[in-house]
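Now for the letters of each chain:
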Amino acid sequence: MNMQSTAPQPPQGPQNASYPQIAGTIPLNFCIILSKDGRIDRLIDCPLEEYLAAIPSASIAWIDYSTKDDAMDIEQIAQLVGFTKLPIPKLSTGFYSAYEDYDTELGIMLPSVTMKDGNMTVHPLFVLIRENFILTVHSEDINRLLRFSRYAQPFFKRISSECTCDKITLVLERIIDENNDRNFEYLREIEMHGDAISKSLIEENIAKRQIAHQIYRMKHVLIDYLNVLWATKDVINSLQYGDADLVTNDEKLLGRIGILSDNIERHIELSEQMSNVLASGLEVMQSIYNNQLQSLNNRFALVTAYLTVLGTAFLVPNTIATIAGSGIMEGHMAEQWWYLPLLIVSTIAATATSFIWVVHVWKSRKEEI
């Protein structure tokens, strides 16, 4: 068996004006073809028509195509490639994922996650299958299948002896696995952000309100990430138990798809644990706020107690002085020798009595707490 690899340059001319050109060293699209005679070709950054021309003579072919607007271009690309049964609008409007089986055609949408500055974006990865052909379409913002394409030739060589449905299943399993692996990497990034937030809780010079907002945003990102995992698991379960004609019935190969589901379940458990950690952080923030509020209330209560003592201290002598200056006493009371000592004694007595009472009430409140 001979294995050859060709990478023709895209022909020049106006016919290629509507297709993306090479951007640096990262190919925008590629095609892996396993010929019926065992030859394996890898075409890079060619027009879509050139890929399609090589499919009829292939035992199995995989085309990966990047677009600027996948939601708008997927229907046009699907029609150009020859997918006539699949309802592309229905496939592209699913909640993070979709699975459409129409016997001779199978359509899948998988969520692909990217994160930047703590903000998560979910891009759709479309996988369309018919006969001996797999087409993957995605946004230019993700290139997670590129690593698999570099090692696709030896992989295609290993599966060359399998039947067509087994080849399709094995390639599809690897595509889903590659997409999952890249999605799993962002859980570590979420954990790093969560650890940074936990460290901020012990910093006294950081505004606690700002930390609370960070915890909420991270918890929201984690909820979206969990939705991505559950959506991917739904697609894998549909592949494993949906009995699609284009997917193998071999229990061993279906078991490999089941392993993908098990891996997702483990990451769901890790994500839920991370969610509990963030939830406990919010509880800590609530406790901090409650303590600050209780401390503020205690300060106001203390100020009120001092004002009560001072008010009582001035109220009693002021009342006596008012009576002395009124017409009832005809103004003679202030001329008596005992008037000034009376004011002093009454002030001291009123102040001491109110102070003792405030201290008694304050101690009672502390005992109740």
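Counting from 1, residues in each chain are numbered in the order their sequence is written. It should be noted that, the model being predicted, local features are given only for residues of pLDDT at least 70 and side-chain atom pairs only at 80 or more, the latter also being counted only at that level, while totals for whole chains, interfaces and linings use all residues. Calculation of side-chain values draws on the structure's entire complement of heavy atoms; hydrogens and water are dropped beforehand.

J.: Which residues make up the packing of aromatic side chains, and what values do they have?
T.: Here the aromatic set is Phe, Tyr and Trp, taking the six-membered ring for Trp, and pairing holds for ring centres within 6.5 Å; pairs whose planes are under 30 degrees apart are stacked, those over 60 apart are edge-to-face, and all others are tilted. One pass over the structure, following the stated rule, counts six aromatic pairs. Ring centres 5.5 Å apart and planes at 75° place the aromatic pair F148 and F155 in the edge-to-face group. Here F148 and F155 have matching classes, each one buried. Each member of the aromatic cluster is reached from another via a ring pair, and the members are F30, W62, F148, F155 and F156. A cation over a ring is seen here: R42 above F30, with NZ or CZ 5.9 Å from the ring centre. Exposure classes here rest on a 1.4 Å probe applied to the protein chains alone. A residue is buried below 20% of its type maximum, exposed above 50%, and partly exposed in between. The rule is short: NZ of Lys or CZ of Arg within 6 Å of the ring centre and within 35 degrees of the ring normal puts a charge over the ring.

J.: Let's hear about the pattern of salt bridges: which residues, and what values?
T.: Side chains that differ in sign of charge can pair as their charged atoms come close. Salt bridge, as used here: a side-chain nitrogen of Lys or Arg that lies within 4 Å of a carboxyl oxygen of Asp or Glu. Tallied over the full model, the rule gives nine salt bridges. Between R182 and E185 there is a salt bridge whose closest N-O contact spans 3.5 Å. Taken together, the positions of R182 and E185, both in helix 6 (residues 164-200) and three residues apart, correspond to about one turn of that helix. K233 is the partner of E265 in a salt bridge, and the nearest nitrogen-oxygen pair spans 2.8 Å. Here K233 lies in helix 7 (residues 208-241) and E265 lies in helix 8 (residues 251-324), a separation of 32 residues in the sequence. You can call E265 partly exposed: its relative accessible area is 35%. A residue is classified by how much of its surface remains accessible, and K233, at 9% relative accessible area, is buried. Taken together, the shared-partner salt bridges in this structure form one network comprising D37, R39 and D41. Secondary structure elements follow DSSP: runs of H or I of four or more residues count as helices, runs of E of two or more count as strands, with numbering from the N terminus.

J.: A description of the pairing of strand 3 (residues 58-67) should follow, citing residues and the corresponding values.
T.: By the criterion of burial, strand 3 is predominantly enclosed, with 10 of the 10 residues buried. Strand pairing follows a simple DSSP-based rule, namely that at least 2 bridges must link the two strands. With seven bridges joining them, strand 1 (residues 29-35) and strand 3 adopt antiparallel strand pairing. Residue pairing in the sheet places I33 in a bridge with A61 of strand 3. Two strands pair when backbone bridges link them, and strand 3 and strand 7 (residues 133-139) are joined in this way by seven bridges, in the parallel orientation. For I63, the partnering residue across the bridge sits in strand 7 and is L135.

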